[in-house]
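Notes for the structure review
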Amino acid sequence: WMRTLYLGLVAAFLFTGCATMEMQKQAKLTKPIQLDKSEMKNSSIYLQVNNIEKGGGDNINLKDKLSTFLKQKGYSIVNESADSSIKLFVDVLFVNNIKEAFALQSALGYGLTGTAVKYSATGSGSDALGVGLVMALGSGIAGKALEDETYRGIFAVKVENKDKVHTTKVFTEVIQMNLDKKEAFTALEDISSKQISNIF
């Protein structure tokens, strides 16, 4: 019953609000990553961003923005993993306008959300929020939120530091009535990169 309650809360979190005049932004980790930042000062990071097929990652330039935030924190970005003390891998699972995503799913069948569920289901069993997000998207529960333009992003994150591997997922959302597509993707790019960089 706890799982049912949890996913119910996720659905409520996803599909609230309507006729939003000012852009609302939010970003959440599915689970925290605890790093000893005192040991990571002036560290070098190897950054790799992958766009999952049909995920929509080509709509945002996550790598450049994320690199900028990490450099502002004092990290250097290197091109070879062998030269780094930290490895950061980000998979862009989903980035899209929810209305367009529903239309695309109708055209393609279960393929779009099925792929995202597969990737979201990997890793820790406690990382249920990622699964809940995608299942809610694929279930057809739209509610009044579709009166606004709602754009969402889901990202799988893996951090390798020494012999330790940490994984989480990042969920981001921007909502506004008549929201311009370019503005929405720019906002998603910004808040997603900031949320991921805040791990460090």
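All of the points below concern the structure found in this document. (Residues numbered from 1 in each chain as written. Predicted model: local features only at pLDDT ≥ 70, side-chain atom pairs only at ≥ 80, totals over all residues. Heavy atoms only, no water.)

1. Observations concerning the packing of aromatic side chains
As enumerated under the stated definition, the model contains three aromatic pairs in all. On the numbers, 6.2 Å between centres and 70 degrees between planes, the contact of Y46 with F89 is edge-to-face. Of the two residues, Y46 is situated in strand 2 (residues 44-51) and F89 in strand 4 (residues 86-97); the sequence distance between them amounts to 43 residues. For F89, a relative accessible area of 18% corresponds to the buried category. (Phe/Tyr/Trp six-rings, centres within 6.5 Å; stacked < 30°, edge-to-face > 60°. Helix = DSSP H or I, 4+ residues; strand = E, 2+ residues; numbered from the N terminus. Buried < 20%, exposed > 50% of the residue type's maximum accessible area, 1.4 Å probe, protein only.)

2. Looking at the pairing of strand 5 (residues 149-161)
Each regular strand displays side chains that alternate between the two surfaces of the sheet. Most of strand 5 is tucked away: eleven of the 13 residues are buried. Bridge analysis of strand 5 against strand 6 (residues 164-176) gives 13 bridges, and the strand direction is antiparallel. By the bridge assignment, I154 is partnered in strand 6 with F171. (Pairing = 2+ DSSP bridges.)

3. Some words on the pattern of salt bridges
Overall, the coordinates contain four salt bridges when judged by the stated rule. A salt bridge links R152 to E173; the shortest N-O distance between them is 2.5 Å. Separated by 21 residues along the polypeptide, R152 in strand 5 and E173 in strand 6 bring together distant segments of the chain. E173 matches R152 in its accessibility class, with the two residues each being buried. Members of the salt-bridge network, linked through shared partners, are K65, E189 and D190. (Salt bridge = Lys/Arg side-chain N within 4 Å of Asp/Glu carboxyl O.)

4. Digging into the sheet that holds strand 6
The six strands are arranged 1-6-5-4-2-3 in an open sheet whose pairing can be described as mixed. In the strand order of this sheet, the two ends are held by strand 1 (24-29) and strand 3 (76-78), each with one partner. For this sheet, the mean angle separating the axes of adjacent strands, direction not counted, is 25 degrees. Running over the sheet, helix 2 (residues 62-72) touches strand 2, strand 3, strand 4 and strand 5 and is turned about 160 degrees from strand 2. Packing against the sheet, helix 6 (residues 181-197) makes contact with strand 1, strand 4, strand 5 and strand 6, and its axis sits at approximately 150 degrees to strand 6. (Axes fitted to C-alpha atoms, helices over the stretch in contact; angles between N-to-C directions. Contact = heavy atoms within 4.5 Å.)

5. Focus on the environment of D36
Take D36: it is sitting in the loop between strand 1 and strand 2. Residue D36 is classed as partly exposed on the basis of its relative accessible area, which comes to 39%. For the pair formed by D36 and F200, sequence separation is 164 residues and the distance between their alpha carbons is 8.8 Å.

6. Remarks on the environment of M40
For M40, the position within the fold is in the loop between strand 1 and strand 2. In this structure M40 comes out as buried when scored by relative accessible area, which is 1%. With 45 residues separating them in the primary sequence, M40 and S85 have C-alpha atoms 8.5 Å apart. Once residues lying within four places of it in the same chain are set aside, the contact partners of M40 are L35, Y75, I86, N161 and F200.

7. A closer look at the nonpolar core
Residues L88 and F200 are the most contacted members of the largest nonpolar core, which totals 30 residues. Mapped onto this core, the elements with two or more residues apiece are strand 2, helix 2, strand 4, strand 5, strand 6 and helix 6. In terms of residues, this core owes the most to one element, helix 6, which gives six residues. I98, I154, A156 and F171 belong to the second largest nonpolar core, which has seven residues in total. (Core = buried A, V, L, I, M, F, W, Y, C linked by side-chain atoms within 4.5 Å.)

8. Some details on helix 6
An ideal rise of 1.5 Å per residue puts 24 Å on 17 residues; helix 6 measures up with 24 Å between its terminal C-alpha atoms. When we look at burial in helix 6, the residues that qualify are A184, F185, A187, L188, E189, I191, S192, S193, Q195, I196 and S197. Residues of helix 6 that are buried in the fold lie against strand 1, helix 2, strand 4, strand 5 and strand 6. The opening residue of helix 6, the one whose side-chain oxygen lies 3.1 Å from the backbone nitrogen of K182, is D180. (Expected span 1.5 Å × (residues − 1). Polar contact = N/O pair within 3.5 Å; in protein donor to acceptor, adjacent residues only side chain to side chain.)

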